[in-house]
Amino acid sequence: MNKDQKNRAELNILGTYKRLPVEFSHGKNVFLYDTDGKEYLDLGGGIAVNALGHAHPEVIEALQTQAKKFCHVSNQYYTEPQITLAEKINQHMKHSGKVFFCNSGAEANECMIKLARKHGNIHAKQNIITAKNSFHGRTFGGMSATGQDKIKDGFTPLLDSFYHIPYNSIEALDSHINEKTAALIIEGIQGEGGVIPATPEFLLHARKLCTKYNALLCIDAVQCGFFRSGTFQSYTKILSDTHFSFKPDAVAHAKSLGGGFPIGAVWISDAYKDVLSYGNHGSTYGGNPLACAVSGKIFEIIERDNIQDQITHSGSYLLENLSTLKNKYPHVIKDIRGLGLMIGIELQNISIPDTYTDLSVASYTTLKALEDHQLTLIPSGTHVLRILPAYTITKSDLDLGLEKLERLLKQL
Ligand SMILES: *Cc1c(COP(=O)(O)O)cnc(C)c1O
């Protein structure tokens with residue numbers, strides 16, 4: 001990319017991100033194009049956002065059609081796209097509940113945290129348990145819930161009464177949950193924590209104990225939800241081999257829900273639908289017609305084209321082929337895991353050339369994938385690469401991705 005542009009960015013944009021040296025100009029399906037016209041295979045999907053890839057014609061049409069009517073009216077009024085989207089979320093949750101709309105993942109978690117606090121205040125309790133290595137966003141509520149010190153460093157005092165236990169530890173949950181617990185908030189599959197799915201035993205035990213102690217069981221499905229795992233919610237996939245059903249009390253959605261248009265949504269089960277009542281919460285943009293029209297269209301396409309099954313098949317195909325690569329390159333790959341199109345490649349502690357020693361193994365590999373193989377990946381922690389492509393990725397594009405990955409592995 002051109003140097004002048006990099007300088008202009010650095011002069012004018014706050015330095016909260018370390019950017020890779022590429023400027024993209026446009027995309028089509030699972031491909032991105034840079035300003036030099038080079039084509040990249042997008043397996044990062046904008047960090048689990050681009051559910052139907054780039055520039056999907058029907059999504060563009062839904063956006064344009066709604067934009068010609070209006071982009072925004074306030075939540076003082078009713079609008080059809082918001083009602084339709086809430087209905088669809090409710091249908092797919094398979095339990096009756098109500099939806100609150102916002103604009104991002106962190107905001108969706110803020111709503112769940114407010115729900116937990118209000119529930120706690122009603123019942124004279126305030127503790128919120130979350131998992132170590134979790135990620136729940138960059139707001140004060142999100143940071144307080146997040147179980148990673150590097151996210152919180154420099155921002156104390158955070159919110160009170162958050163406790164972090166090892167993810168999937170039944171013993172830790174047993175020893176921390178009690179009458180003072182207002183809520184447990186966990187990801188169905190930890191994303192930033194390295195693509196770690198919840199275990200069926202942990203989910204079922206958490207449900208049992210939350211019910212026993214009148215604590216809300218809240219799922220942060222911002223990354224793993226909205227079909228990413230192959231089912232609407234990842235816990236359905238995780239529990240599919242058991243005969244147990246599972247009903248959370250609240251679920252936060254964002255990322256893929258808007259396919260690139262900012263939107264967040266929290267589903268709250270009927271039992272707690274009156275905890276946040278008139279005047280307790282709000283958002284100017286939340287559930288605006290443009291965002292809801294786009295999200296509603298994505299929902300419709302996923303249902304119509306049976307894309308859930310496609311996600312499951314593509315995910316199994318990737319896992320199988322990545323396991324073959326793991327066996328072929330055991331000195332580079334330590335583990336392969338994930339569900340549907342949320343897959344993690346854990347790398348060994350490979351050595352990095354001297355010029356890159358400020359980068360983690362995952363960041364270095366992501367840079368090499370981009371520069372040498374025209375492939376986007378998302379690092380997670382220090383050693384995990386994430387694959388989070390569009391749900392509609394074809395078998396031949398998966399094969400192209402596997403080819404590019406193998407060339408990358410050979411180089412490491
Ligand atoms: C990305 C993410 C968030 C934060 O979402 P934003 O839209 O960036 O605010 C919260 N929780 C999880 C699990 C995420 O992956």
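Provided above is the structure to which this section pertains.
What counts, and at which threshold
Residues numbered from 1 in each chain as written. Predicted model: local features only at pLDDT ≥ 70, side-chain atom pairs only at ≥ 80, totals over all residues. Heavy atoms only, no water. Near = heavy atom within 4 Å. Polar contact = N/O pair within 3.5 Å; in protein donor to acceptor, adjacent residues only side chain to side chain. Areas by Shrake-Rupley, 256 points an atom, 1.4 Å probe, with all protein chains shown as cover. Helix = DSSP H or I, 4+ residues; strand = E, 2+ residues; numbered from the N terminus. Buried < 20%, exposed > 50% of the residue type's maximum accessible area, 1.4 Å probe, protein only. Pairing = 2+ DSSP bridges. Salt bridge = Lys/Arg side-chain N within 4 Å of Asp/Glu carboxyl O. Contact = heavy atoms within 4.5 Å. Disulfide = S-S within 2.5 Å. Expected span 1.5 Å × (residues − 1). Axes fitted to C-alpha atoms, helices over the stretch in contact; angles between N-to-C directions. Phe/Tyr/Trp six-rings, centres within 6.5 Å; stacked < 30°, edge-to-face > 60°.

A. Representation of the site of the ligand in the model. The local shell around the ligand consists of S104, G105, A106, N109, F135, H136, G137, E187, D220, V222, Q223 and K255. Within the backbone of G105, a nitrogen or oxygen atom sits 2.8 Å from an oxygen atom of the ligand. One of the side-chain nitrogen or oxygen atoms of K255 is found 2.6 Å away from an oxygen atom of the ligand. For the ligand, the protein covers 80% of the area, taking 380 Å² as the surface of the free molecule. When residues in the shell around the ligand are grouped by element, the largest group, three residues, is from helix α5 (residues 105–122).

B. Spotlight on the pairing of strand β13 (residues 333–339). Among the seven residues of β13, five are classified as buried, and the element is accordingly described as predominantly covered. Counting the residues in the hairpin turn of β13 and strand β14 (residues 342–347) gives two residues, including G340, whose phi is positive at 55°.

C. Expanded view of the pattern of salt bridges. Tallied over the full model, the rule gives 14 salt bridges. The partner of K395 in a salt bridge is D399, with the nearest N and O atoms 3.3 Å apart. Residue K395 and its partner D399 are both found in helix α14 (residues 395–411); the two are separated by four residues, about one turn of the helix. Each of K334, D335, R337 and E346 takes part in a single network of salt bridges with overlapping partners.

D. View of the side chain of Q148. Take Q148: it is sitting in the loop between α6 (140–145) and α7 (149–152). There is a polar contact of 3.0 Å between the side chain of Q148 and the backbone oxygen of S134. If we ignore the near neighbours within four places in the chain, the residues touching Q148 are N133, S134, F135 and E192.

E. Highlighting the state of the cysteines. All told, the structure shown has zero disulfides when counted by the stated rule. C111 supplies the cysteine sulfur nearest to C102, a cysteine that is in no disulfide, at a spacing of 6.6 Å. Residue classification places C102 among the buried residues on the basis of a relative accessible area of 2%. Among the cysteines around C210, which has no disulfide bond, C218 carries the closest sulfur, lying 8.1 Å off.

F. Structural context of the side chain of H56. Counting through the fold element by element, H56 comes out in the loop between α2 (45–48) and α3 (57–69). Among the polar contacts listed, one links the side chain of H56 to the backbone nitrogen of E58, at a separation of 3.2 Å.

G. Spotlight on helix α9 (residues 200–212). In this model α9 runs 18 Å from its N-terminal to its C-terminal C-alpha over 13 residues, within 8% of the 18 Å that 1.5 Å per residue would give. Looking at the packing, one finds that the buried side of α9 touches β6 (162–165), α8 (170–176), β7 (181–187), β10 (216–220) and α10 (234–238). The positive-phi residue at the C-terminal boundary of α9 is N214, with phi of around 55°.

H. Region of the structure containing unusual backbone geometry. The amide bond that connects T156 to the next residue, P157, takes the cis arrangement and shows omega of 0°. Structurally, the position occupied by P157 is in the loop between α7 and β6. Positive phi is not limited to glycine here, since N29 has a value of about 50°. Note that N29 resides in the loop between β1 (24–28) and β2 (31–34). A positive phi angle, close to 55°, is found at V195, a residue other than glycine.

I. Highlighting the sheet that holds strand β5 (residues 127–131). With mixed pairing, seven strands are arranged side by side in an open sheet as β4-β12-β11-β10-β7-β5-β6. Whereas interior strands pair on both sides, the edge strands pair on one side only; in this sheet they are β4 (97–102) and β6. Put simply, the sheet's adjacent strands are angled 20° from each other on average, direction ignored. Sheet topology places β7 next to β10; five bridges connect them, and they run parallel. Within β10, the residue paired with I186 across the bridge is I219.

J. Summary view of the sheet that holds β2. The strand order across the open sheet built from four strands is β1-β2-β3-β15, with neighbouring strands paired in mixed fashion. Two strands close off the open sheet at either side, each with one partner strand: β1 and β15 (375–376). In this structure, β1 lies alongside β2, joined through four bridges in antiparallel fashion. What sits directly across from K28, in β2, is F31. Lying over the sheet, α14 contacts β2, β3 (39–42) and β15, oriented at roughly 100° with respect to β3.

K. The packing of aromatic side chains, seen in detail. Summed over the entire model, instances satisfying the criterion amount to 10 aromatic pairs. Seen in terms of ring centroids, F226 and F227 are 5.0 Å apart; in terms of plane orientation they differ by 65°. Their pairing is edge-to-face. Note on accessibility: F226 and F227 belong to one class, buried. With 5.0 Å between their ring centres and 85° between their planes, F226 and F299 make a pair best called edge-to-face. One end of the pair, F226, is in the loop between β10 and α10; the other, F299, is in helix α11 (residues 289–304), with 73 residues separating them in the sequence. On the accessibility criterion, F299 (0% relative accessible area) is buried.

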